[in-house]
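Letter by letter, the chains look like this.
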Amino acid sequence: MNEFVDVFLASLRDGYVQVSAFVAVTVLLFSVVQYRTNGALVERLSENERLQPLFGALMGLTPGCGGAIVMMPLYVRGTVSFGTVVATLIATAGDSAFVILALAPEAALYAYGIAFATAIASGYVIDCFGMGVGRVDRAVATLGQTATDGGTVNANPGGNPTHEYDACCETDAARESPVLTPFSHAVHALWWVSAGAALVLGVMYLLAGAPDVPLTLGPSYAGAFTVVGLTGTTASFYLYFVGRHYLGEGRVGRARDSFVDLYDTLTHAALETSFVTVWVLAAYLLYEYGVLILGIDVGSLAAAVGVLAPVAGALVGLIPGCGPQIVLASVYAEGAVPFSALTANAISQDGDALFPLIAIDKKAAIVASIYTTIPALVVGVVLHLLFGPMTGFGVLG
């Protein structure tokens, strides 16, 4: 029982420090750009369809999952194509990128460069040749109310989503409570303090090679890691389930056209990240309890003999979340996983970016996962056959 409790608390802590803090930075940066340009970025992106897969791949290429998470609501609202979603997810390296960049920068350059090129090619192929995208788009178009700025989605004759917006519905009216309203704003402020501290702790954690951090309290790095992580996750759960209704952000998992002021921008970023945190925690618990109960060993799976290594790396990438991918990256840095498996995993993994899409449109999420896995298998196997395992390639020291 104590072990189950430890896993639960460690998941609460790690999900916030290892993932949420990095997501918050990316979402905030994107939101600030939207605020400063009064929504011009999304408008330009919507108008330039030919550049969308390239932009999506660039967003996915940013270390962490924040850039990719930003793109998911844009698809649901009809701003970007499904090929852009796939390009974003293929290029996404998640939080495992920080581990590889710190411990094997040369391997990161090649693996993520290959993933980026694969992402762009796959995105344009999907947009040009359809490949079942029409069905996905029609499924999205049938949603009555989506996670947009109060927009109603209707299907046009071509089957692509179109959106009609009512200006009065672009922001949600906040509930008023003499107790919960000021308390929610206080929790929001605490959340950002925790996010700032978690970002510093998270960078230190990844630069150290993602070591095991004891679950403890006290005036130490491990103690701060635990306190900040548990505080941030608790605040995230409150904001997602209660606080958002008193902060004027009743809906989550959406892209905003514009913001009233900087505080509105900060609120949006905090609540979007809290939404992701809830899903990330669910994935962490599923993974950690799977390891505890079933004895799953990601490292051994990915280090399969011969050509099965990149296959295993691609299959590990199918697991949502960054936890398994960080494990695989750490094992690669130890020289136990071939480069072909690392590259296949970099292409296949969607990190935490898939969670918002799963929550909003499960069909699109499933199809996107299939489209990211196929090129991962092909590229990984070809690399292994042409260049061999290349175990330890680019690892420092």
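Everything numeric here is computed off the predicted structure, so don't read it as measured data.

What counts and how
- Residues numbered from 1 in each chain as written.
- Predicted model: local features only at pLDDT ≥ 70, side-chain atom pairs only at ≥ 80, totals over all residues.
- Heavy atoms only, no water.
- Helix = DSSP H or I, 4+ residues; strand = E, 2+ residues; numbered from the N terminus.
- Buried < 20%, exposed > 50% of the residue type's maximum accessible area, 1.4 Å probe, protein only.
- Areas by Shrake-Rupley, 256 points an atom, 1.4 Å probe, with all protein chains shown as cover.
- Salt bridge = Lys/Arg side-chain N within 4 Å of Asp/Glu carboxyl O.
- Contact = heavy atoms within 4.5 Å.
- Phe/Tyr/Trp six-rings, centres within 6.5 Å; stacked < 30°, edge-to-face > 60°.
- Axes fitted to C-alpha atoms, helices over the stretch in contact; angles between N-to-C directions.
- Parallel < 35°, antiparallel > 145°, perpendicular 65-115°, else oblique.
- Left-handed = near helix turned anticlockwise from the far one by under 90°.
- Nonpolar A, V, L, I, M, F, W, Y, C, P; charged D, E, K, R; others polar.

(A) Layout of the overall build of the chain. For the chain, the helix and strand inventory stands at 17 helices and two strands. A total of 397 residues make up the chain; the buried ones form 55% of that total. Total accessible area on the chain stands at roughly 16100 Å², and carbon and sulfur atoms take up 68% of it.

(B) Representation of the pattern of salt bridges. Using the criterion set out here, one finds one salt bridge in the structure. Here Asp 14 makes a salt bridge to Arg 13, at a shortest N to O gap of 2.8 Å. Relative accessible area serves as the criterion here: at 3%, Arg 13 is assigned to the buried category.

(C) Region of interest: the side chain of Thr 343. If you trace the backbone, Thr 343 turns up in helix α15 (residues 339-348). Filtering out sequence-adjacent residues up to four positions away, Thr 343 remains in contact with Ala 111, Ile 114, Val 379 and Leu 383.

(D) Region of interest: the packing of aromatic side chains. Tallied over the entire structure, the rule returns 13 aromatic pairs. Ring geometry for Phe 82 against Tyr 371: centres 6.2 Å apart, planes inclined by 65 degrees, an arrangement best described as edge-to-face. Of the two residues, Phe 82 is situated in helix α5 (residues 82-91) and Tyr 371 in helix α17 (residues 362-387); the sequence distance between them amounts to 289 residues. Each of the two residues, Phe 82 as well as Tyr 371, counts as buried. Ring centres of Tyr 240 and Phe 241 lie 4.8 Å apart, and the angle between their planes is 75 degrees; on these two criteria the pair is classed as edge-to-face. The buried category is assigned to Tyr 240, whose relative accessible area is 16%. Through a chain of ring-to-ring contacts, the aromatic side chains of Phe 237, Tyr 240, Phe 241 and Phe 275 assemble into a single cluster.

(E) Geometry of the packing of helix α3 (residues 52-61) against α5. Two elements in contact, α3 and α5, have axes separated by 7 Å at closest approach and are oriented at 25 degrees. By the angle between their directions, the pair α3 and α5 is classed as roughly parallel. Here the hand of the crossing between α3 and α5 comes out right-handed. Residues Gln 52, Pro 53, Gly 56, Ala 57, Gly 60 and Leu 61 of α3 touch α5, and the partners they reach there are Thr 84, Ala 87, Thr 88 and Ala 91. Across the contact of α3 with α5, the residue classes break down as five nonpolar, five polar and no charged.

Spatial relationships are all this shows, so hold off on functional conclusions.
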